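Results of the structural survey
Chain by chain, the residues:
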Amino acid sequence: MRVRFFARYAELVGRSEAAVSLSLPATVGDVVRRVREDFPGARALPERPLAAVNLKQVRLDARVQDGDEVALLPPIAGG
Amino acid sequence: MRNAEFSEMSYLTRSPISLDALLAEVSSPACGGTCLFLGTVRDGPDEQGVTAIEYSAYEEMVQVEFGRLLADAGARWPEARIAVRHRLGTIPVGEASIAIAAAAPHRAQAFEACRYVIEEVKRRVPVWKKELRVDGTEVWVDPHGRPTSSPPVPLSASQRGGTHD
């Protein structure tokens, strides 16, 4: 699946997206763990970041499927 | 970051927000009260020489989330007409990063709907801001305007970065 990083998280990881393969069933939390293992800069990410799947905020125990777009979101600071 | 301007129906813009256009979107003979909220880039006593804020977003999700948020507002205030624009890119101090127009038959609904939209934006619309300071440093700030990344110069814990609240 495709994982996207934004704002400060993109700077920490050194990229704005990555392709991640996981054996299913898997959760968003599994995606976060895999990203933290695979990319050195990603170890600076929080263990429980805000996340979205397919443009909707979800909890870390939400299931992910092949083809999903998972996004790790820094604390929202808009307006 | 994308340089192209957003489509006509977008909630996002990289240009200064046109308040006339926003007000025209909500204007209606049935509405007797209109509220306009502007969030502007601030460099007040709590900031340390902010010259501008660079706004970035998860643009596809912003579009979807604004749609959900306005649908929620429409369910709460069915007679209200609401329009919103969030500006992205580098926004100088004093210019608006967000504008919300809410028109309703009576003023109470207009005030309430406008307040609801800005509070929900701050809670759920994926936008981030990085302060650009007069000393050349750049600092990501959290929802409360506090630094989330360490700038090259030391900051005391009491100092806050800033935009409007």
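For the structure itself, consult the block above.
Residues numbered from 1 in each chain as written. Chains lettered and ligands numbered in written order. Predicted model: local features only at pLDDT ≥ 70, side-chain atom pairs only at ≥ 80, totals over all residues. Heavy atoms only, no water.

**What to know about the overall build of chain A**
Secondary structure summary: chain A contains two helices and seven strands in total. Listing each helix as α and each strand as β along chain A from the N terminus yields β-α-β-β-α-β-β-β-β. Against the 2.2 N^0.38 benchmark of 12 Å for 79 residues, chain A shows a C-alpha radius of gyration of 11 Å, consistent with a compact globule. Projecting the C-alpha coordinates of chain A onto the three principal axes gives extents of approximately 35 × 30 × 20 Å. Expressed as a percentage of the 79 residues in chain A, the buried residues total 52%. Contacts in chain A between residues far apart in sequence, at least 24 positions, make up 51% of those at least 6 positions apart. As displayed, chain A offers around 3900 Å² of accessible surface, 45% of which is attributable to carbon and sulfur atoms. Side-chain charges of chain A comprise 12 positive and 10 negative groups, with the mean position of each set lying 3 Å from the other. (Helix = DSSP H or I, 4+ residues; strand = E, 2+ residues; numbered from the N terminus. Rg over C-alpha atoms; globule rule 2.2 N^0.38 Å. Buried < 20%, exposed > 50% of the residue type's maximum accessible area, 1.4 Å probe, protein only. Contact = heavy atoms within 4.5 Å. Areas by Shrake-Rupley, 256 points an atom, 1.4 Å probe, with all protein chains shown as cover. Lys, Arg positive; Asp, Glu negative; His and termini not counted. Charge placed at Lys NZ, Arg CZ, Asp CG, Glu CD.)

**Examining the pattern of salt bridges**
Here the structure, examined in full by the defined rule, presents 19 salt bridges over all chains. Among the salt bridges present, the one from Glu-47 of chain A reaches Arg-36 of chain A, with a minimum N-O distance of 4.0 Å. With Glu-47 of chain A in the loop between α2 (28–38) and β4 (50–53) and Arg-36 of chain A in helix α2, the pair connects residues that are 11 residues apart, well separated along the chain. For Glu-47 of chain A, a relative accessible area of 61% puts it in the exposed group. A relative accessible area of 19% means that Arg-36 of chain A is categorised as buried. A salt bridge links Arg-115 of chain B to Glu-119 of chain B, with the shortest nitrogen-to-oxygen separation between them at 2.7 Å. Residue Arg-115 of chain B and its partner Glu-119 of chain B are located together in helix α3 (residues 107–124), separated by four residues, close to a single helical turn. We classify Arg-115 of chain B as exposed; its relative accessible area is 54%. Here the salt bridges do not stand alone but share partners, grouping Glu-65, Arg-68, Asp-72, Glu-120, Arg-123 and Arg-124 of chain B into one network. (Salt bridge = Lys/Arg side-chain N within 4 Å of Asp/Glu carboxyl O.)

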